[in-house]
Amino acid sequence: MAGACPECWIGRRQKAAFRMRGEPKWGRKGILQMNWVFDEFFVPPAVYDEVFAPFGVGGRHVESGAGRKLETVVQLVVDELADVEVTGCGSWECPGCGRAILWPVVRGPFPSLVQEPAGAMVHTRQFISGGGTAYRRVLVRADLAQAMREAGLRSALYKPVAKSGGCMPG
């Protein structure tokens, strides 16, 4: 959090492995995220190897609270940033740092990308928040989304990205 805004958290950087209380109970889920970090995802190692690694998505180990490497979970590493078309998108200004933050898109497709990204999984350069902690939306290319569906990753939400244009009028 050094250098991050204390209001919206923009500027935070991951400097060590995520920590979880223990090995996740996956059940029928094949992908999860922490309920306070909306732009990082975690999968079992087999799902990482079969679905994400072939698309060039990086992986990072996760640790227990005691610092032991967990065996049943991998953090997906998404380094590429992609700009989205923000025309018509509502935004608000963080009172702590003054940065513009987009309101979440709740109607219609997600705004289009300004240019095609190189990777199959990217973070938006723009931050999004409904008034609390800001996060970057994670976008996946259609072929990776199809591989995720075929692997039965039920707990992932799939929302299409517009071919062109920004947000739909509210």
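Scroll up to find the structure this text is about.
Residues numbered from 1 in each chain as written. Predicted model: local features only at pLDDT ≥ 70, side-chain atom pairs only at ≥ 80, totals over all residues. Heavy atoms only, no water.

Undergrad: Is there a simple way to explain the pattern of salt bridges in this structure?
TA: Here the idea is simple: oppositely charged side chains can pair when their charged atoms come close. The final tally for this structure, using the stated rule, is five salt bridges. Linking Asp39 and Arg12 is a salt bridge whose minimum nitrogen-to-oxygen distance equals 3.3 Å. Taken together, the residues span a long stretch of sequence, with Asp39 in strand β3 (residues 37-43) and Arg12 in the segment before β1 (19-20) at a distance of 27 residues. For Asp39, a relative accessible area of 9% translates into the label buried. When the shortest N-O distance is used, the salt bridge between Arg68 and Glu23 registers 3.8 Å. Residue Arg68 is located in the loop between β4 (58-64) and β5 (69-77), and its partner Glu23 is located in the loop between β1 and β2 (32-34); the two are separated by 45 residues in the primary sequence. Judged by its relative accessible area of 46%, Arg68 is partly exposed. Its relative accessible area of 25% is what places Glu23 among the partly exposed residues. (Salt bridge = Lys/Arg side-chain N within 4 Å of Asp/Glu carboxyl O. Helix = DSSP H or I, 4+ residues; strand = E, 2+ residues; numbered from the N terminus. Buried < 20%, exposed > 50% of the residue type's maximum accessible area, 1.4 Å probe, protein only.)

Undergrad: Please explain the packing of aromatic side chains as it appears in this structure.
TA: In this description, a pair of aromatic rings is defined by centroid distance and the angle of the planes. In total, this model carries three aromatic pairs according to the counting rule given. Ring centres 5.4 Å apart and planes at 70° place the aromatic pair Phe38 and Tyr135 in the edge-to-face group. Taken together, the residues span a long stretch of sequence, with Phe38 in strand β3 and Tyr135 in strand β10 (residues 135-140) at a distance of 97 residues. Ring centres of Trp92 and Trp103 lie 6.0 Å apart, and the angle between their planes is 40°; on these two criteria the pair is classed as tilted. A residue pair is termed long-range when its members are at least 10 positions apart, and Trp92 in strand β7 (residues 91-93) and Trp103 in the loop between β8 (100-102) and β9 (121-128) qualify at 11 residues. What makes Trp92 buried here is its relative accessible area of 16%. According to the relative accessible area criterion, Trp103 is partly exposed, its value standing at 41%. (Phe/Tyr/Trp six-rings, centres within 6.5 Å; stacked < 30°, edge-to-face > 60°.)

Undergrad: Looking at this model, I keep getting lost on the state of the cysteines. Mind explaining?
TA: Every disulfide links exactly two cysteines, by a covalent bond between their sulfur atoms. For the structure shown, the criterion picks out one disulfide. One disulfide bridge connects Cys89 with Cys167, the sulfur atoms lying 1.9 Å from each other. What sets the handedness of the Cys89 and Cys167 disulfide is the S-S torsion sign, and at about 85° it is right-handed. Of this pair, Cys89 sits in the loop between β6 (81-82) and β7 while Cys167 sits in the segment after α2 (142-150); the two residues are 78 residues apart in sequence, bridging distant segments of the chain. Cys89 sits in the buried class, given a relative accessible area of 15%. Judged by relative accessible area, which is 17%, Cys167 ranks as buried. Looking at Cys5, it has no disulfide partner, and the nearest cysteine sulfur is the one in Cys94, 3.6 Å off. For Cys5, a relative accessible area of 6% puts it in the buried group. Unpaired in this structure, Cys8 has its nearest cysteine sulfur neighbour in Cys94, at a distance of 3.6 Å. With a relative accessible area of 0%, Cys8 lands in the buried category. (Disulfide = S-S within 2.5 Å.)

Undergrad: Sorry, what's going on with the environment of Tyr48 here?
TA: Secondary-structure assignment places Tyr48 in helix α1 (residues 45-52). A relative accessible area of 16% means that Tyr48 is categorised as buried. The spatial distance from the C-alpha of Tyr48 to the C-alpha of Val140 is 14 Å, given a sequence separation of 92 residues. Contact partners of Tyr48, with chain neighbours within four places excluded, come to Val43, Ala53, Pro54, Val57, Gly58, Gly59, Val74 and Leu76. At 3.3 Å, the side chain of Tyr48 forms a polar contact with the backbone nitrogen of Gly59. (Contact = heavy atoms within 4.5 Å. Polar contact = N/O pair within 3.5 Å; in protein donor to acceptor, adjacent residues only side chain to side chain.)

Undergrad: Hey, could you run me through the environment of Ala134 in this one?
TA: Relative to the elements of secondary structure, Ala134 occurs in the loop between β9 and β10. In this structure the C-alpha to C-alpha distance between Ala134 and Asp39, which are 95 residues apart in sequence, comes to 9.4 Å. In contact with Ala134, not counting residues within four places along its chain, are Cys8, Ile10, Arg12, Ile101, Phe127, Ile128 and Ser129.

Shape descriptors only; they carry no functional weight alone.
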